[in-house]
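# Per-entry structural report
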There are 2 protein chains.
Amino acid sequence: MNNFTWHNPTRIHFGKGQIPALAKELQASKKILVTYGGGSIKANGVYDQVVEALDGLDWIEFGGVEPNPQYDTLMRAVELGRAEQVDFILAVGGGSVLDGSKFIAAAIPFQGNTWDILAKRAPVSAAVPLGSVLTLAATGSESNAGAVISRGEDKLDFQSRLVYPVFSVLDPETTYSLPKRQVANGVVDAYVHVMEQYLTYPSNSMVQDQFAEGILRTLIEIGPGVVDSTDYDLRANYMWAANAALNGYIGLGVPQDWATHMIGHELTAEYGVDHAQSLAIVLPGTLTILKRQKHEKLVQYGKRVWGLSGDEEDIVDAAIAKTRAFFEAVSVKTRLTDYGIDPDEAYLKVSGRLVRHGLLKLGERGTVTPEVAQEILALSA
Amino acid sequence: MNNFTWHNPTRIHFGKGQIPALAKELQASKKILVTYGGGSIKANGVYDQVVEALDGLDWIEFGGVEPNPQYDTLMRAVELGRAEQVDFILAVGGGSVLDGSKFIAAAIPFQGNTWDILAKRAPVSAAVPLGSVLTLAATGSESNAGAVISRGEDKLDFQSRLVYPVFSVLDPETTYSLPKRQVANGVVDAYVHVMEQYLTYPSNSMVQDQFAEGILRTLIEIGPGVVDSTDYDLRANYMWAANAALNGYIGLGVPQDWATHMIGHELTAEYGVDHAQSLAIVLPGTLTILKRQKHEKLVQYGKRVWGLSGDEEDIVDAAIAKTRAFFEAVSVKTRLTDYGIDPDEAYLKVSGRLVRHGLLKLGERGTVTPEVAQEILALSA
């Protein structure tokens, strides 16, 4: 196990009917900026619940944060936040709204060109405090310090301890009105988050491995059901599993991969596929191309997560096949052609983008070059 | 899954060579009270490492906190802390030193009779901030808000968010010089902490169950080895497993038992057996007497943790037998007579103590009366 420092400061209010907890959390705020996405929260009652909890507080709102939140949109919120001197941001939505709000929080007090926060990873020395009401379990953004922001050609991330949410409200009932596609995406996203922190090489981190495997088994067990049903317990376990997948805990002291995410980001930026769809396309290829390098953990994964036994090579191949089949089982397609993408073009476009972004040595051992990324994509043509 | 709020504010510095992290953590402190136990830290070099990290800071020390920390001892530290106006407490030791230091932290600013914090659970409205250097992995006290304090006949606990350690340093190498008995106790203590939060009745909390089972499997796998060896990875996994067992995470939203602990506390107070020894005596009986009430989770435990299959009644009995055998395998005896305790006397003494302390309905369903506690102990005569 590698050394680490761990400190997750986010306070979680979990369960049905928890949105009123906002009133106490926000009682000291003087001017709150409520951010949200395309307006689904107005249709499903979440907006009304939030408004009721904010009764008596001074707040303004900024809607229209899109999936893969756009820098230009967010900068309009930054201007609003600066003009109105907001002292708290309440993000109501899924990972895109939360990520976008983290950027808004960091950009409002930023001195200089705010694009540098992403393009140059300029240090963030101050941020407006923020909290969240999560309505789509997937990214773990409600409990971590990272955000991914898009601008034209680019999909870039930044990290800062200052944008950990002060609190997050996780009410599984807020997910009831989600389209099936978004729930399915959430399941796949959470699954791949775990894999990025788990499926690398052995590091003698037994508790972290057990926890990672536990989240994977949970997602496999509930995945198809949670997409098709609004059973409270299924949704609660899905929401808590997605949180555990990327709140930082399972990644402590272990090597991490993230090549699948980096390749996937380029696919999304180029072709507009959903984030989770890009991961479902890329991951099976990553595991296959790197199966020598990841052999020991792939065998462990096959045995412990999929209950496989027998010849190790067979276990590895079956485990990868089962991973792809699981994504398909929750209705997330895993082939480029499923999304109308021309594979031959995609290899070149994606590898070209990786080169332009300087992403030349991805993965836990830096072996995923843009050429290897082409091989990975070729396995999901 | 039940609703919950989760916020663990403790910052963890984990790994070999992490004690120097104290310098930065404590740089703003004006007067630090360093607390420790019987002096083993002076023999194993931990004291010297701490002193070096405190170079340039103003600090005083209070040694001699005993196992099952005694109220009268701790009150001497409280007097010292008040006289010297300490503004930070650094606990260096295991669960007893940490628990004792939490009481010191709460008692220093307490207005009124400090015994009421324990005897009457008087609200704690202020505490001196504290941090820790953990040298014996067992209780999770380095990452939680609870403490158990002894005074004559009584062994009582209190909880306050104000005594969460601000930070804790977990260096597995600090455990190398521990007597085998203490490491074995730590393994059993951590194991039973998990069981108290897991082996109750189903609550549809899949991630929590998976994590609990993962810690148990880890402890089973490393238990005998970690007692006999100072291999770094074994000790690191042991230390991190014990932390995970009682940092609060696996207990979120689930029913909890704690009858074994309450009965065990009385055994320790009456007969002086180590805390973990008392748990090893009580737990097999608790599981057996409550096997109807706990049937579903016992079957799940037998299958997932011990890999058992077949008839459910057989799984339950085998799982309980394997639990007892595991404690014995790490050299923690599980029978009253192993410790020279007269069983017939113990039944009466322990049940009498439970009555005196008003502990009349223990366990996740309140079914463990003092009479049932006698039946439980009778199974470990």
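To keep things clear, this report deals only with the structure shown in the data block. (Residues numbered from 1 in each chain as written. Chains lettered and ligands numbered in written order. Predicted model: local features only at pLDDT ≥ 70, side-chain atom pairs only at ≥ 80, totals over all residues. Heavy atoms only, no water.)

Before going further, it helps to examine the relation of the copies chain B and chain A. When chain B is fitted onto chain A, the two copies agree to an RMSD of 0.0 Å after a turn of 180 degrees and an axial shift of 0.0 Å. On this basis, the relationship between the two copies can be described by a two-fold rotation axis. The fraction of interface residues of chain B whose copies in chain A are also interface residues reaches 100%, indicating that both copies meet through the same surface. (Least-squares fit on C-alpha atoms with pLDDT ≥ 70 in both. Contact = heavy atoms within 4.5 Å.)

Taken as a class, soluble globular proteins show a tendency for nonpolar side chains to be buried jointly. In terms of nonpolar packing, the biggest core is built from 191 residues, with A:Tyr191, A:Trp240, A:Tyr301, B:Trp240 and B:Tyr301 touching the most fellow members. The element best represented in this core is helix H8 (residues 206–228) of chain A, accounting for 11 residues. The residues contacting A:Tyr301, other than those within four sequence positions of it, are A:Tyr191, A:Met195, A:Tyr198, A:Leu199, A:Leu216, A:Trp306, A:Ala319 and A:Thr323. (Core = buried A, V, L, I, M, F, W, Y, C linked by side-chain atoms within 4.5 Å. Buried < 20%, exposed > 50% of the residue type's maximum accessible area, 1.4 Å probe, protein only. Helix = DSSP H or I, 4+ residues; strand = E, 2+ residues; numbered from the N terminus.)

As summarised here, the arrangement of the seven strands in space is S4(A)-S3(A)-S5(A)-S6(A)-S9(A)-S2(A)-S1(B), forming an open sheet in which the pairing is mixed. Pairing within the sheet leaves two strands with one partner each, and these edge strands are strand S4 (59–62) of chain A together with strand S1 (4–6) of chain B. Pairwise comparison of adjacent strand axes, ignoring direction, gives a mean angle of 15 degrees for this sheet. Inspection of the sheet shows strand S3 (residues 32–35) of chain A paired to strand S5 (residues 88–93) of chain A by four bridges, in the parallel sense. By the bridge assignment, A:Thr35 is partnered in S5(A) with A:Ala91. Contacting S3, S5 and strand S6 (130–134) of chain A, helix H5 (residues 95–107) of chain A crosses the sheet at an angle of about 165 degrees to S5(A). Sitting on the sheet, helix H9 (residues 232–245) of chain A touches strand S2 (11–14), S6 and strand S9 (167–170) of chain A together with S1 of chain B, and the angle it makes with S2(A) is about 165 degrees. (Pairing = 2+ DSSP bridges. Axes fitted to C-alpha atoms, helices over the stretch in contact; angles between N-to-C directions.)

Before going further, it helps to examine the packing of helix H7 (residues 180–198) of chain B against helix H8 (residues 206–228) of chain B. All names here are of chain B. Contact geometry of H7 with H8 gives a least axis separation of 10 Å together with a crossing angle of 165 degrees. In terms of axis orientation, H7 runs roughly antiparallel to H8. The hand of the H7/H8 crossing is left-handed. Across the interface between the two elements, Lys180, Val183, Ala184, Val187, Ala190, Tyr191, Val194, Met195 and Tyr198 from H7 touch Asp209, Ala212, Glu213, Ile215, Leu216, Leu219, Ile220, Gly223, Val226, Val227 and Asp228 from H8. Looking at the contact of H7 with H8 residue by residue, the classes come out as 15 nonpolar, one polar and four charged. (Parallel < 35°, antiparallel > 145°, perpendicular 65-115°, else oblique. Left-handed = near helix turned anticlockwise from the far one by under 90°. Nonpolar A, V, L, I, M, F, W, Y, C, P; charged D, E, K, R; others polar.)

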